[in-house]
Amino acid sequence: MNDGSAADAFAHRLHFQQSLSGAWRVRLIVQQGRRGGDPLRTQTAALQIFTQFAESENTGGWDSGLRFDGIVPLENDRPARARAGWLNSLELGKRWQLRSNIFLSREFGDLAAEGFGVETREEATFKVNETLRVGAQIFNNFNTTAHLGSYNEQRHQIGPIVRWNVTKNVKIDASALFGASRAATDADFRVFATYGF
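Residues numbered from 1 in each chain as written. Predicted model: local features only at pLDDT ≥ 70, side-chain atom pairs only at ≥ 80, totals over all residues. Heavy atoms only, no water.

Okay, the side chain of serine 64 next. Locating serine 64 in the fold gives a position in strand 4 (residues 62-73). Relative accessible area serves as the criterion here: at 2%, serine 64 is assigned to the buried category. Looking at serine 64, its side chain comes within polar contact range of the main-chain oxygen of leucine 87, at 3.4 Å. Not counting residues up to four positions away in its chain, the partners in contact with serine 64 are Gln52, Phe53, Ala54, Trp86, Leu87 and Asn88. (Helix = DSSP H or I, 4+ residues; strand = E, 2+ residues; numbered from the N terminus. Buried < 20%, exposed > 50% of the residue type's maximum accessible area, 1.4 Å probe, protein only. Polar contact = N/O pair within 3.5 Å; in protein donor to acceptor, adjacent residues only side chain to side chain. Contact = heavy atoms within 4.5 Å.)

Okay, here's the thing in structure tokens:
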């Protein structure tokens, strides 16, 4: 990520995901990162629980579920956080897919912000072939209900995404997000590699 004169930052996350049943899934996440020339540090550990209540096979293309996150800081410069998300995916024909996620969060600890955090993530992708999908994303962070602020005080980003099914078990998501408001970082580059057993 880059933000003009601010130091560059790098972060990576390790995920382990396990289905508990057809409708429930749990994921453990450890995030490490560094800023500028600082050494790489383990920053947070998180537990995510996801449940799906609408499946495209029964709804004509709509998948929907709820995700609950608990994020524990492993450094003293960030608060703990609990977050709930409503996740949606809609298939429009055989090639187009829309995704819309809404998150509400609450921070805890001495550094916690007041109010509830509000975030949305929107995405539209086009299926090029059986292994490749391309599209665009919009990430919006509206700060908290205690202080939403103006558009430029919020963090809004937009950019392209590529999803590639390399093999049956390996998938790669690569995206770039560019700042669309003053508070957002100038550019974030993200790569997710997934291996399914």
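Structure shown, so let's carry the discussion forward.
The next subject is the packing of aromatic side chains. Following the criterion strictly, the structure yields 3 aromatic pairs and no others. Relative to tryptophan 62, the ring of phenylalanine 53 lies with its centre 6.4 Å away and its plane at 80°, an arrangement referred to as edge-to-face. When its relative accessible area of 49% is taken as the criterion, phenylalanine 53 is described as partly exposed. Ring centres 6.2 Å apart and planes at 85° place the aromatic pair phenylalanine 178 and phenylalanine 189 in the edge-to-face group. With phenylalanine 178 in strand 10 (residues 170-179) and phenylalanine 189 in strand 11 (residues 187-195), the pair connects residues that are 11 residues apart, well separated along the chain. Directly above the aromatic system of phenylalanine 103 lies the positively charged group of arginine 83, at a separation of 4.4 Å from the ring centroid. The ring of phenylalanine 116 has arginine 106 lying over it, and the distance from NZ or CZ to the ring centre is 5.0 Å. (Phe/Tyr/Trp six-rings, centres within 6.5 Å; stacked < 30°, edge-to-face > 60°. Lys NZ or Arg CZ within 6 Å of the ring centre and 35° of its normal.)

In this section: unusual backbone geometry. Backbone geometry at asparagine 143 places phi at a positive 65°, although glycine is not the residue there. Within the fold, asparagine 143 resides in strand 8 (residues 132-144). The exposure class assigned to asparagine 143 is buried, which follows from its relative accessible area of 15%.

Attention shifts here to the sheet that holds strand 8. In spatial order, the strands read 1-2-3-4-5-6-7-8-9-10-11; together these 11 strands make up an open sheet with antiparallel pairing. Lying at the two open borders of the sheet, with one neighbouring strand each, are strand 1 (9-19) and strand 11. This sheet shows a mean twist of 20° between the axes of neighbouring strands, independent of strand direction. As defined by bridge partners, strand 2 (residues 24-35) adjoins strand 3 (residues 41-54) across 10 bridges and the pair is classed as antiparallel. Residue pairing across strands places arginine 27 opposite glutamine 48, the latter belonging to strand 3. (Pairing = 2+ DSSP bridges. Axes fitted to C-alpha atoms, helices over the stretch in contact; angles between N-to-C directions.)

Bridging between strand 1 and strand 2 involves 11 bridges; their strand directions are antiparallel. Each residue of the ladder has a partner; that of glutamine 17, found in strand 2, is arginine 27. From the end of strand 1 to the start of strand 2, which pair antiparallel, there are 4 residues. Turn length for the strand 2-strand 3 hairpin, with the two strands adjacent in sequence and antiparallel, is 5 residues, and the turn residue glycine 36 shows positive phi of about 60°.

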